[in-house]
Amino acid sequence: MNAINGRHALVTGASRGIGAETAMLLAEQGGNVTLVARGVDALEETASRIRERAPGIVHAYAADVTVESEVDSAFASAEAAIGPVDILVNNAGGVESAPFVRTDSSLFDRMITLNLNTVYLCCSRALPSMTARGFGRIVNVASTAGLDGFPFVSGYVAAKHAVVGLTRALSTEVGSEITVNAICPGYTDTEMLRNSARRVAAVSGRDMGAVLTAYSAANRSGRLITVDEVARAIVEVCLDGARTGEAIVVDGMKEGQ
C-alpha cells in the first residue's frame, strides 16, 4: 500500500547520489518533494530532472543543514511551498579519512556535525508537526559503518553509530503512527565513495583501484551497491505497514541469503 501518494517528502543531501535517487523514486510514487542541499546548480538540475518524470510538486531549497537557522529556513520554505512535511529523509552526510592518531578535534567535530547533528536538527524540526497530525516517516541514512568498525574513518564511524542509536531511541518515543528507521548501506558507488577512496589511497600508499576492490569485497555481495538499491530500501520503509526502530542493512544481498 502506498503511504507516499500525495505526501510531502523532504530529502536532505538531495542534489546527487542516494539523495537524488530517493527524491526521484518518492516523486514517482506520487509524493511531493522538497530537495535540500548546499549546491544550488546541482540542486536545480536534479529538481528539473524530477519534474520531467513525475507529476507532483518539486521544490528545491539551498541550505546547509549543519546550521540550525538554515534548517529552520529550509523547513519554512518547504511548508510554504507544499505544506507540512510528512516524510523526512536525513541523507546529508560526508566522510573525511585519516588515521586516528592524525584525526584532530576539528576533523572529528566536522564528522559529528555533518553526520549526526544534521539528523538531530531536522528531526527536531519535523517531529512536532508529525506528532500533531499523527503521521510521519523518518528515515536516517546511516551506514554499515554505524554497525561495524572501519579504519581511517573513526569520526564518521562514531557519528553513524550515534545515528543508529538516535533512530532506536526516537522510535521508542514517537508511537506507532510515526516510524523511525535507519538505512545502513554498504559501500555504495557514489561520488563521495570515490573521493573517500582517493583519500584512503593517499594516506595508505595504496592504489585507488585496490581500495575500491577492498570496498567491494567488504560488502557481502562482493560488489559496490548502487544508489537505486539504497533508494528503494528508503522508499520501502515509507510505505503503509512500515516497520520502525530498525537498522536495515543494504549490501546487495537479499533477505535470507
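Here, the structure is the one placed above.
All values reported here derive from a predicted model rather than from experimental measurement. Every chain's residues receive numbers from 1 upward, in the order its sequence appears when written. Under the rules for a predicted model, residues below a pLDDT of 70 receive no local features and side-chain atom pairs below 80 are neither given nor counted, while totals for whole chains, interfaces and linings still include all residues. Excluding hydrogens and water, the side-chain values take into account all heavy atoms of the structure.

**Remarks on the overall build of the protein**
A run of H or I in DSSP counts as a helix once it spans at least four residues, and a run of E counts as a strand once it spans at least two, with each numbered from the N terminus. A count of helical and extended segments in the protein gives eight helices and seven strands. The atom set for the radius of gyration is the C-alpha atoms, and the globule formula is 2.2 Å times the number of residues raised to the power 0.38. Taken against the 2.2 N^0.38 rule, which gives 18 Å for 257 residues, the C-alpha radius of gyration of the protein at 17 Å falls within 12% of a compact globule. Taken along the three principal axes of its C-alpha coordinates, the protein extends 50 × 40 × 40 Å. Looking at the protein as a whole, 50% of its 257 residues qualify as buried. Here, residues are in contact when the closest pair of their heavy atoms is within 4.5 Å. Taking contacts inside the protein between residues at least 6 apart in sequence as the whole, the part at least 24 apart equals 72%. Positive and negative side-chain charges in the protein, numbering 22 and 28 respectively, have mean positions lying 4 Å apart. Note on classification: 1.4 Å probe, protein chains only; a residue is buried when its accessible area is under 20% of the maximum for its type, exposed when over 50%, partly exposed between these limits. Residues counted as positive are Lys and Arg, residues counted as negative are Asp and Glu, and His and the chain ends are not counted. In this description, the location of a charge corresponds to atom NZ of lysine, CZ of arginine, CG of aspartate or CD of glutamate.

**Here's the deal with the pattern of salt bridges**
Take a side-chain nitrogen of Lys or Arg and a carboxyl oxygen of Asp or Glu: if they are within 4 Å of each other, that pair is a salt bridge. Across all of its chains, the model carries twelve salt bridges by this definition. Residues Arg243 and Glu246 are paired through a salt bridge, measuring 3.5 Å at the closest nitrogen-oxygen approach. Residue class for Glu246 comes out partly exposed when judged on its relative accessible area of 31%. If you follow the salt bridges from partner to partner, you end up with Arg7, Asp86 and Arg133 in one network.

**Thoughts on the packing of aromatic side chains**
Paired rings are identified among Phe, Tyr and Trp, the last through its six-membered ring, by centres lying within 6.5 Å, and are further divided according to the angle between planes into stacked (under 30 degrees), edge-to-face (over 60) and tilted (the rest). Following the criterion strictly, the structure yields two aromatic pairs and no others. Measuring from ring centre to ring centre gives 5.6 Å for Phe150 and Tyr187, while their planes differ by 75 degrees; the resulting arrangement is edge-to-face. One end of the pair, Phe150, is in the loop between β5 (136-141) and α5 (154-173); the other, Tyr187, is in the loop between β6 (178-185) and α6 (191-204), with 37 residues separating them in the sequence. Ring geometry for Tyr187 versus Tyr215: centroids 4.2 Å apart, planes at 5 degrees, classification stacked. Note that Tyr187 is positioned in the loop between β6 and α6 and Tyr215 in helix α7 (residues 208-218), a separation of 28 residues in sequence.

**Here's the deal with unusual backbone geometry**
One can expect most non-glycine residues to show negative phi and most peptide bonds to be in trans. Its identity as a non-glycine residue notwithstanding, Phe152 has a phi of 70 degrees, on the positive side. By relative accessible area, Phe152 is classed as partly exposed at 28%.

**Some points on the pairing of strand β2 (residues 32-37)**
Most of β2 sits inside the fold, with six of its six residues counted as buried. Judged by which residues are buried, β2 turns out to be covered on both faces: Asn32, Thr34 and Val36 on one side and Val33, Leu35 and Ala37 on the other are all buried. Here strand β1 (residues 8-12) pairs with β2 via five bridges, running parallel. When the bridges of β2 are listed, Leu10 appears paired with Thr34. Between β1 and its parallel partner β2, the chain crosses via helix α1 (residues 17-28), and the hand of that crossover is right-handed. Here, a strand pair is defined by DSSP locating no fewer than two bridges between the strands. Where β2 and strand β3 (residues 58-62) come together, five bridges link them in parallel fashion. For Thr34, the partnering residue across the bridge sits in β3 and is His59. Handedness of the crossover joining β2 and β3 through helix α2 (residues 40-53): right-handed. Handedness of a crossover is defined as follows: with both strands directed away from the viewer, a clockwise route from the first strand across the helix to the second makes it right-handed.

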